[in-house]
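Given next are the chains, with one letter for each unit.
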Amino acid sequence: MRRSFEGAMQSFTYWNTTRIHFGKGQIARISEEVPPGARVLIAYGGGSVLKNGVMDQVRAALAGRTVFEFGGIEANPHFETLVKVADLARTEKVDFLLAVGGGSVADGTKFVAAAALFEGDPWDILLERGTNVQAALPVGCVMTLPATGSEMNRNAVITRASTQDKLPMNSVHVMPRFSVLDPETTYSLPPRQTANGVVDSFMHVLEQYLTYPVGAKVQDRFAEGLLLTILEDGPVALREPTNYAVRANLMWASTMALNDLLSRGVPGDWATHRIGHELTGLYGLDHAATLAVVLPSLLKVKRAQKREKLLQYAERVFGITAGSEDERIDAAIERTRAFFEAMGVKTRLADYGLDARIIPEVANKLRQHWQVPLGEHRDVTPEVASNILELAL
């Protein structure tokens with residue numbers, strides 16, 4: 001008799017090689033991870049790590065190594081800047097890269113790791129989504145902003161400012177060798193960055209959860225636990241920025257949200273991210289802001305395809321059990337929007353000074369960047385994305 005696998009989780013392989021050092025004082029562990037004779041290039045962003053003592057700890061841990069530094073990596077790391085970092089790495093014969101900062105610095109450093117050893121135009125790395133990367137310099141991360149999960153995955157997203165293109169890449173060669181997660185490094189984050197990190201982490205879970213059921217109970221319950229943690233502790237982090245327990249939970253939830261564990265054996269959506277990337281590339285919106293704008297409208301447009309999981313989300317995450325199925329779905333969507341708004345992240349294009357005139361531009365970028373429709377069912381075409389953005393006005 002043939003055995004049916006309908007309703008069962010999909011087959012998968014899971015492999016994650018990043019060593020995590022979590023907790024107070026763990027930056028000192030860098031000295032155990034970076035070879036004593038290494039030539040190290042530290043990449044960082046706007047300079048907050050110079051003011052809050054993080055860089056002092058990093059430099060102390062790297063004592064005895066030859067160290068170079070490059071600051072100024074943007075919040076959405078620019079290809080143009082990263083090419084300069086790769087040139088520096090080649091010129092100085094750097095053999096280890098250390099990202100110190102948030103997910104954008106980590107993403108940018110991963111790209112540099114690949115570009116420094118790449119033969120040809122480094123933009124081709126992004127055009128091919130990283131599939132043409134054959135080698136990369138080793139990367140370590142010291143995370144100061146929990147959001148992207150880049151510290152424990154092989155992904156990066158890079159913006160070419162001159163052409164307003166924002167593209168992802170994925171390669172096993174840029175997996176961080178190690179990452180340090182010290183919750184105390186997040187105490188000095190401005191409220192906007194804290195809020196953006198919370199929304200980004202929440203959305204990473206939803207992209208892997210709000211699809212359709214395949215009987216993957218472990219992944220579902222794990223996702224729901226992360227969502228509940230972020231819902232509970234996100235607002236508290238705004239009120240109590242130096243609450244170690246809250247910061248620790250948010251930091252670990254962010255890492256676990258996108259280290260590929262949730263995505264094994266289940267379908268993924270990611271249409272919200274892809275549409276959001278175009279809004280950032282074209283108009284400079286914060287990444288989390290684009291997600292908060294797109295998701296509620298996407299859920300309304302795709303509610304029929306996501307119906308079972310939306311009902312599950314309503315009950316298990318928000319405790320919504322009263323009313324008809326449609327009423328429960330509506331309530332879950334509005335509770336999600338309300339959470340984003342409570343974090344201070346607005347959920348309408350008008351909140352960012354954008355109107356319907358941007359919709360054709362976004363649709364055109366989607367046509368340029370994606371040859372097939374988006375979403376778990378591959379049914380989010382540029383035309384559907386336009387409908388989503390119309391609802392988000």
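Remember, predicted model here, so these are calculated numbers, not experimental data.

Thresholds applied
Once a new chain begins, its residue numbering starts again from 1 and follows that chain's sequence as written. Residues qualify for local features only when their pLDDT is at least 70, as the model is predicted, and side-chain atom pairs are given and counted only at 80 or more; totals for whole chains, interfaces and linings, by contrast, use all residues. Calculated side-chain values reflect all of the structure's heavy atoms, with hydrogen atoms and water omitted. Pairs of strands are assigned from DSSP output, requiring at least two bridges between the strands. Secondary structure elements follow DSSP: runs of H or I no shorter than four residues count as helices, runs of E no shorter than two count as strands, and numbering proceeds from the N terminus. Interaxial angle, 0 to 180 degrees, is taken between N-to-C directions of lines fitted to C-alpha atoms, where a helix line uses only the stretch in contact. Here a patch means residues that are over 30% exposed by relative accessible area and free of salt bridges, tied together within 9 Å if like-charged and within 5 Å if nonpolar (Val, Leu, Ile, Met, Phe, Trp, Tyr). Each accessible area is a Shrake-Rupley estimate made with a 1.4 Å probe; only the visible protein chains count as cover when residues are assessed. Salt bridges are defined as contacts in which a side-chain nitrogen from Lys or Arg sits within 4 Å of a carboxyl oxygen from Asp or Glu. Contact criterion: two residues are considered in contact whenever any of their non-hydrogen atoms come within 4.5 Å of each other. For this analysis, a polar contact is any N or O atom pair within 3.5 Å, provided that within protein one partner can donate a hydrogen and the other can accept it, and provided that sequence-adjacent residues contribute only side-chain to side-chain pairs. Throughout, exposure labels follow a simple rule: accessible area from a 1.4 Å probe, protein chains only, divided by the maximum for the residue type, with under 20% read as buried, over 50% as exposed, and the rest as partly exposed. A helix's residues, less one, multiplied by 1.5 Å, set its expected span. For this analysis, a nonpolar core means a set of buried residues of the types Ala, Val, Leu, Ile, Met, Phe, Trp, Tyr and Cys, connected via side-chain atoms within 4.5 Å. Known as pLDDT, the predictor's per-residue confidence is scaled from 0 to 100. A residue's bend is the angle separating two fitted axes: one through the seven residues that end there, the other through the seven that start there.

> Tell me about the sheet that holds strand S1 (residues 19-22), and name the residues and values.
With parallel pairing, the six strands of this open sheet are ordered in space as S1-S8-S5-S4-S2-S3. Looking at the sheet topology across the chains shown, the edges are occupied by S1 and strand S3 (66-70). Neighbouring strand axes in the sheet, compared pairwise and without regard to direction, differ in orientation by 15° on average. As defined by bridge partners, strand S2 (residues 39-44) adjoins S3 across five bridges and the pair is classed as parallel. Note on S3: the bridge partner recorded for Arg39 is Thr66.

> Go over a nonpolar patch on the surface with me, naming the residues and quoting the values.
A cluster of nonpolar side chains, Met9, Phe12, Tyr14 and Leu261, forms an exposed patch at the surface whose accessible area comes to about 320 Å². With respect to the secondary-structure elements, Phe12 resides in the segment before S1.

> Describe unusual backbone geometry, naming the residues involved and giving the relevant values.
With phi around 75°, Trp270 is a residue other than glycine that occupies positive phi space. Mapped onto the secondary structure, Trp270 falls in the loop between helix H9 (244-257) and helix H10 (271-283). The backbone of Arg378 sits at a positive phi, close to 50°, despite the residue not being glycine. Among the structural elements, Arg378 can be located in the loop between helix H14 (359-369) and helix H15 (382-391).

> Residues and numbers for the environment of His173, please.
One can find His173 in the loop between strand S7 (165-170) and strand S8 (178-181). His173 sits 115 residues away from Ala288 along the chain, and the two C-alpha atoms are 27 Å apart. In this structure His173 touches Val133, Gln134, Ala135 and Ala136, once residues within four positions along its chain are discounted. Reaching out from His173, the side chain makes a polar contact with the backbone oxygen of Gln134 at a distance of 3.4 Å.

> Please give an account of the pairing of S8 that cites residues and values.
Regular strands show a simple pattern: their side chains alternate between the two faces of the sheet. Residues Phe178 and Val180 point to one face of S8 and Ser179 and Leu181 to the other, with burial holding for every one of them. As paired strands, S1 and S8 are joined by four bridges and run parallel to one another. Its bridge partner lying in S8, Phe22 is registered against Leu181.

> Talk me through the pattern of salt bridges; I want residue IDs and the actual numbers.
Applying the stated criterion across every chain, the model contains 24 salt bridges. The salt bridge involving Glu92 is made with Arg39; its shortest N-O contact spans 3.7 Å. Of this pair, Glu92 sits in the loop between helix H4 (79-91) and strand S4 (96-101) while Arg39 is found in strand S2, placing the two residues 53 residues apart along the sequence.

> Tell me what's going on with H10, and back it up with residues and numbers.
For H10, built from 13 residues, the straight-helix expectation of 18 Å at 1.5 Å per residue is met to within 8% by its first-to-last C-alpha distance of 18 Å. In terms of residue burial, H10 counts as a mostly covered element, since 12 of its 13 residues are buried. Within H10 the residues assigned to the buried category are Ala271, Thr272, His273, Arg274, Ile275, Gly276, His277, Glu278, Leu279, Thr280, Gly281 and Leu282. Against the buried residues of H10 lie strand S6 (155-160), S7, helix H7 (191-209), helix H11 (287-301), H14 and H15. One or two steps after H10, the chain reaches Gly284, where phi turns positive at roughly 75°.

> So what's going on with the nonpolar core? Which residues, and what values?
By size, the foremost hydrophobic cluster in this structure holds 63 residues, and its most contacted members are Phe202, Leu206, Ile275 and Tyr313. What Tyr313 contacts, discounting residues up to four positions off in sequence, is Phe202, Leu206, Tyr209, Leu210, Leu227, Phe318, Ala332 and Thr336. Residues Val139, Cys141, Val174 and Leu181 belong to the second largest nonpolar core, which totals 38 residues.

> Pulling in residues and values, what's your account of the confidence of the model for the protein chain?
For the protein chain, per-residue confidence averages 96 on the pLDDT scale, and 98% of positions sit at 70 or higher. In the predicted structure, residues 1-5 sits below a pLDDT of 50 and forms zero contacts with residues beyond four places in sequence or in another chain.

> Talk me through helix H8 (residues 217-239); I want residue IDs and the actual numbers.
Here H8 spans 34 Å end to end across 23 residues, near enough to the 33 Å set by a 1.5 Å rise per residue. Roughly 30° is the biggest bend found in H8, and it falls at Asp233, with proline Pro235 one to four residues downstream. For H8, the complete set of buried residues consists of Gln219, Asp220, Ala223, Glu224, Leu226, Leu227, Ile230, Leu231, Asp233, Gly234, Val236 and Ala237. Residues of H8 that are buried sit in contact with H7, H9, helix H12 (307-318) and helix H13 (325-342).

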